[in-house]
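Listed here are the chains, written in short residue letters.
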Amino acid sequence: MRLRLGLLVLVALLAACGGEDEPERELQPGGSVTIGIVNGERLVREGARVEANRVNNAGGVGGALTIRLARGTVDQLLTRGVRLFVLPCRVELYAAAEEVSTAGAFGVAPCDDGVFEGSERIAFTGLSPRTQAEALSDFVGGEAARELAPRTARGARVEALLGVDRGGSSIVSPDAPERVVAPPGAPEESLFATFGFPEPGSRTDEFYERFRVVYGRRPETILSALAADAVNALAAAIELAASTSPELVAAEVQKGFEVRGVLNELSFPGGTNRAEVEAVIVHLADGKLRVVG
């Protein structure tokens with residue numbers, strides 16, 4: 001019995017040491033990956049579809065996997081075997097994120113309003129309130145002649161982080177415009193830091209045109225582009241993991257990577273579930289918003 005036990009232990013040790021000799025994971029050409037689009041904002045669903053079409057037309061994730069989109073509640077999608085998700089921007093976001101995390105799945109939240117921290121199973125790809133505040137403050141050199149009152153809950157969070165001194169000649173707003181027009185009542189010469197803007201010839205404008213081809217109109221707000229970048233981040237993590245396993249995909253986010261988005265470059269620096277993205281500064285002049293930084 002002792003000899004038999006010793007042989008079993010030796011076999012177990014050799015098996016453990018042999019892990020390095022296991023073949024590398026790779027995505028199988030001709031396969032597919034289903035991404036669940038959790039019920040929420042219409043523009044998130046539409047933006048995800050437009051970007052999934054682009055990825056598929058370019059050969060799929062890693063040149064191998066076709067993206068298939070499924071829509072429903074988290075519970076419905078989990079029942080169908082979906083384990084990778086694009087979450088809503090704001091509609092029932094916290095509840096959806098909790099369900100995804102609890103199930104051991106993985107989700108990407110396209111918006112980051114600073115409402116909650118999330119977990120290693122929930123990644124954020126949108127502009128954070130802190131980064132928005134820092135970008136606006138840096139653009140005006142930490143001084144503003146006037147700071148507008150926030151009109152949104154997100155704007156209130158940005159206002160608390162803005163910290164500009166009185167001085168200079170700038171008018172700054174803590175709100176982030178999501179449309180191509182300024183918020184109602186905003187005074188001329190106002191400055192905003194926002195998620196992105198479809199400046200003619202830009203990547204965002206190109207995405208808006210692809211959206212128009214699919215839906216017959218350009219998107220009403222930037223939410224569609226935020227959803228597109230959630231798809232881009234998820235596709236990049238799947239490719240790097242060479243797997244659709246939620247655990248392995250989440251691990252790639254924690255390791256860190258960069259991916260080209262339709263709004264900005266997305267950079268996960270490692271050790272965090274939040275992407276680093278740059279804000280776009282827009283200026284209101286003659287009733288129109290224009291990119292100035």
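Notes on the structure in this doc start here.

The rules behind these values
Residues numbered from 1 in each chain as written. Predicted model: local features only at pLDDT ≥ 70, side-chain atom pairs only at ≥ 80, totals over all residues. Heavy atoms only, no water. Phe/Tyr/Trp six-rings, centres within 6.5 Å; stacked < 30°, edge-to-face > 60°. Buried < 20%, exposed > 50% of the residue type's maximum accessible area, 1.4 Å probe, protein only. Lys NZ or Arg CZ within 6 Å of the ring centre and 35° of its normal. Helix = DSSP H or I, 4+ residues; strand = E, 2+ residues; numbered from the N terminus. Pairing = 2+ DSSP bridges. Axes fitted to C-alpha atoms, helices over the stretch in contact; angles between N-to-C directions. Salt bridge = Lys/Arg side-chain N within 4 Å of Asp/Glu carboxyl O.

Notes on the packing of aromatic side chains
Line of reasoning, step 1. Within this structure, the stated rule accounts for six aromatic pairs.
Line of reasoning, step 2. A centroid spacing of 5.5 Å and a plane angle of 70 degrees characterise the contact between Phe116 and Phe124, whose relative ring orientation is edge-to-face. The burial state of Phe116 is the same as that of Phe124; both residues are buried.
Line of reasoning, step 3. Members of the aromatic cluster, joined through ring pairs, are Phe207, Tyr208, Phe211 and Tyr215.
Line of reasoning, step 4. The positively charged end of Arg274 is found above the aromatic ring belonging to Phe124, 4.1 Å away from the centroid.

With respect to the environment of Thr244
Line of reasoning, step 1. By the secondary structure assignment, Thr244 is in the loop between helix 8 (223-241) and helix 9 (246-255).
Line of reasoning, step 2. Using a relative accessible area of 34% as the deciding quantity, one classes Thr244 as partly exposed.
Line of reasoning, step 3. As a C-alpha pair, Thr244 and Ile35 span 209 residues in sequence and 9.9 Å in three-dimensional space.

Focus: the sheet that holds strand 11 (residues 280-285)
Line of reasoning, step 1. Reading across from one edge, 6-7-8-11-12 is the order of the five strands in this open sheet, with mixed pairing throughout. Each having just a single partner strand, strand 6 (143-147) and strand 12 (288-291) make up the two edges of the open sheet. Neighbour-to-neighbour, the strand axes of the sheet open up by a mean angle of 50 degrees, direction not taken into account.
Line of reasoning, step 2. Where strand 6 lies against strand 7 (residues 165-172), four bridges are found, and the strand directions are parallel.

Focus on the pattern of salt bridges
Line of reasoning, step 1. As enumerated under the stated definition, the model contains 17 salt bridges in all.
Line of reasoning, step 2. Salt-bridge contacts for Glu206 lead to Arg210; the nearest nitrogen and oxygen are separated by 2.9 Å. In this pair, Glu206 and Arg210 both sit in helix 7 (residues 203-215), four residues apart, roughly one turn of the helix.
Line of reasoning, step 3. Its relative accessible area of 39% is what places Glu206 among the partly exposed residues.
Line of reasoning, step 4. The exposure class of Arg210 is buried, given its relative accessible area of 18%.
Line of reasoning, step 5. Connected through shared salt-bridge partners, Arg42, Glu46, Arg217 and Glu220 make up one network.

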